[in-house]
Each structure stands twice: as C-alpha cells, then as structure tokens.
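Structural overview
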Amino acid sequence: EVGVLFVTTKGPLSGKSFCITGSLNKPRKAYEQVIEKFGGSNTSISSCDYLICNTPSNSNKFKKAIEKGIKVITEQELIELIKANKK
C-alpha cells in the first residue's frame, strides 16, 4: 500500500504556479521560498501560470511563456499579487 501525502497550504498564491527567469534583485531561491510560503508552487515553464521576469529577454523560457500565453510578471508584481490576495 502506498501512502499519498497532500500538502494543502492556504495562502494568497494558493493554486498558482510560477517559473522564474532572468536576473532578479534577490536570489532566485528567496523567491522560490516566498512563493511556497504563500501557498504557490514552483514549476517548469511548460506548466506554470506566471513567469517572473523583470525584463523581456531572448531566453527560451521567456519565448515559451509568450507563445503559450503565460502571464509575465516582475518581482514587484509578485509582491503586489501576494498583497492583493491576502485575506
């Protein structure tokens, strides 16, 4: 018998997934921790809802986000998203 562990973190980013690319003002790991702390998840570009990227770039992640219609947000917009959804 295999046990399955479901982690349900309620938070302002609950149910949202993020991918990060480009240079940021803080270490990438710090943003990954913030995303998880507020209930979001860090995923690959092929399955995320948001791409965190401060400046448009020629990176494959950025191009794929545009192709797939993934919402591209900046670090600041991530913070605003958390604040706006806090209850």
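Overview of the sheet that holds strand β3 (residues 50-52)
Spatially, four strands are ordered β2-β1-β3-β4 in an open sheet, and the strand pairing comes out parallel. Every other strand in the sheet has two partners, leaving β2 (41-42) and β4 (71-73) as the edge strands with one partner each. Where β3 meets β4, three bridges bridge the pair, whose relative direction is parallel. In the strand pairing of β4, L51 is matched with V72. Helix-sheet contacts for helix α1 (residues 28-37) involve β1 (17-20), β2 and β3, and the interaxial angle to β1 is about 175°. Packed on one face of the sheet, helix α3 (residues 75-85) meets β1, β3 and β4 and runs near 105° to β4.

Details of the environment of K86
Mapped onto the fold, K86 is located in the segment after α3. Measuring from C-alpha to C-alpha, the distance between K86 and P12 comes to 5.1 Å, with 74 residues separating the pair along the chain. Beyond its immediate stretch of four places on either side in the chain, K86 contacts P12 and F38.

Focus on the pattern of salt bridges
By the definition in use, this model includes one salt bridge. The partner of K29 in a salt bridge is E32, with the nearest N and O atoms 3.6 Å apart. Taken together, the residues K29 and E32, both in helix α1 and three residues apart, mark about one turn of the helix. On the basis of relative accessibility, which here comes to 24%, the residue E32 falls in the partly exposed class.

Topic: the packing of aromatic side chains
Each pair of aromatic rings is reported with the distance of its centres and the angle of its planes. Inspection of every chain in the model, using the stated rule, returns one aromatic pair. Summarising the aromatic geometry, the rings of F18 and Y50 are spaced 5.1 Å apart at their centres and angled 15° between planes, so their arrangement reads as stacked. Residue F18 is found in strand β1, and its partner Y50 is found in strand β3; the two are separated by 32 residues along the sequence. Residue F18 is classed as buried on the basis of its relative accessible area, which comes to 1%.

Some details on the environment of I82
Within the secondary structure, I82 is located in helix α3. For I82 and G40, which are 42 residues apart along the polypeptide, the C-alpha to C-alpha distance reads 9.9 Å.

Conventions and cut-offs
- Residues numbered from 1 in each chain as written.
- Predicted model: local features only at pLDDT ≥ 70, side-chain atom pairs only at ≥ 80, totals over all residues.
- Heavy atoms only, no water.
- Pairing = 2+ DSSP bridges.
- Helix = DSSP H or I, 4+ residues; strand = E, 2+ residues; numbered from the N terminus.
- Contact = heavy atoms within 4.5 Å.
- Axes fitted to C-alpha atoms, helices over the stretch in contact; angles between N-to-C directions.
- Salt bridge = Lys/Arg side-chain N within 4 Å of Asp/Glu carboxyl O.
- Buried < 20%, exposed > 50% of the residue type's maximum accessible area, 1.4 Å probe, protein only.
- Phe/Tyr/Trp six-rings, centres within 6.5 Å; stacked < 30°, edge-to-face > 60°.

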